[in-house]
Amino acid sequence: MTLFDSVDQHYARHRPGLPDEVVQLLATELAVVDGPRLLDLGAGTGQVALALLPALPPAAHFDLVDQDEGMLRTALDELRPHLGKRTATVHVGRAEQFTPTQPGYEADLITCCRAFHWMDRPAVLAMADRVAAPHAAVAIMGDGSLWTHEAEWTAALKGLIQAHLGEERRAGTTGAYREPGRHYEDDLVDSAFSDLTEHRVPFTRAWTPRGVVGYLRSTSFARPDLFTDHRRFEEQAQALLQQHAQDGVLHEDGVFLVLLARRPGTSR
C-alpha cells in the first residue's frame, strides 16, 4: 500500500497544476532537442506531463514513474486524449529503481514535482546520473500544501484536521510526517547535478470550499480513511471554509520553487 492508494481520481481533479512561467522554463530546457524525452518521477496522475504537452513537439516522449499503479492508470487516461503523436510510458515502482528498457536510453529532462520529500533522495539522484543525457537538467519543484500555507483560512482548516486526527501531520496510514533532514539544495550539491539555479515563481490561486474539500481527499494528511467519521469532518470543513470565503472564493498566495540542476560544465 502506498501513501496515495485509492485517491487518484481526487488527485487528478483537485491538485493544482503548474504556473505558466514554470511550464515555459521547463519547455525551454527541451527546446533544443528534436525528440525530447521527459522522465517524471513521482508522477502521480501526470500533472507535469499534462502541463508540458502543448509546449512540446510531436516527437516528444514521456516516461512517468510512480509507486501507485492506480495513479499511473489515471495519468494515462488523462494524457491519451491530448498526446497526438507524442508517446507516454508508465513505470510502476520506486523512483530510484527506474531502469530503462531501451538500450542507449537518455532522458533530456528529469522532473520531480511535490514528491521529492517522500523519496530516497541520494539514490534518486544517483539513478538520474545514470540515465540523464549529458546536457540534461534535473528539476525539483514544489509549492508546499494547504497544510503549510499561512493564511487565516488555512490555519482554521489545519486546526479542524488536528481536532480529528491529532496535532502531528499524518503521512497516510504510515504514521506522522517527518520533515526532510536536509535541504534539497544540499542533496543536489552533493550529487552529480551540483550546478544549481533557483527559480521562484509567485502565484495566486482561487479555491472554492468544495475544491478544497476535494483536494484534502487527495492528500496524505487528510485522506478519507484516516478519519473515524469522514462525513462529519467534511461537513465541518465545508462550513468552516464557507465562513472564511469571500464571495465564495478562498485565496492562496504563494511561491512555486524550481531547483534546476545540471552537471557542472554543461549547458543547453
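In what follows, the structure referred to is the one given above.
Analysis parameters
Residues numbered from 1 in each chain as written. Predicted model: local features only at pLDDT ≥ 70, side-chain atom pairs only at ≥ 80, totals over all residues. Heavy atoms only, no water. Helix = DSSP H or I, 4+ residues; strand = E, 2+ residues; numbered from the N terminus. Expected span 1.5 Å × (residues − 1). Buried < 20%, exposed > 50% of the residue type's maximum accessible area, 1.4 Å probe, protein only. Contact = heavy atoms within 4.5 Å. 1 Å grid on protein atoms, 1.4 Å probe; cavity = no way out; pocket = protein on both sides within 12 Å on 5 of 7 lines; lining within 4 Å. Points joined across faces, edges and corners; volume = space filled by probe spheres on them. Nonpolar A, V, L, I, M, F, W, Y, C, P; charged D, E, K, R; others polar.

**Some points on helix α6 (residues 152–165)**
Moving on, step 1. When the terminal C-alpha atoms of α6 are compared, their 20 Å separation across 14 residues agrees well with the 20 Å that a helix rising 1.5 Å per residue should span.
Moving on, step 2. Within α6, the full set of buried residues consists of W153, T154, L157, L160, I161, Q162 and L165.
Moving on, step 3. Where the residues of α6 are buried, they touch β6 (195–207), α8 (209–217), α9 (230–244) and β7 (250–262).
Moving on, step 4. Directly after α6, the chain includes G166, whose backbone phi takes a positive value near 100°.

**With respect to the side chain of S218**
Moving on, step 1. Here S218 shows up in the loop between α8 and α9.
Moving on, step 2. The buried category is assigned to S218, whose relative accessible area is 0%.

**Let's talk about empty space enclosed by the protein**
Moving on, step 1. With the rule as written, the count across this model stands at 2 cavities of 30 Å³ or more.
Moving on, step 2. In this structure, the largest cavity spans a volume of roughly 90 Å³.
Moving on, step 3. Surrounding the largest cavity, Y11, L18, D40, G42, A43, G44, Q47, V48, C113 and R114 form its lining.
Moving on, step 4. For the lining of the largest cavity, the residue count by class is 5 nonpolar, 3 polar and 2 charged.
Moving on, step 5. Put simply, the second largest cavity is a space of about 40 Å³.
Moving on, step 6. Surrounding the second largest cavity, L41, I110, T111, C112, F116, V124, L125, A128, V138, A139 and I140 form its lining.
Moving on, step 7. At the level of elements, β4 (107–113), α5 (121–131) and β5 (132–142) are the ones that each hand at least two residues to the lining of the second largest cavity.
Moving on, step 8. Grouping the amino acids of the lining of the second largest cavity by side-chain chemistry returns 10 nonpolar, 1 polar and no charged.

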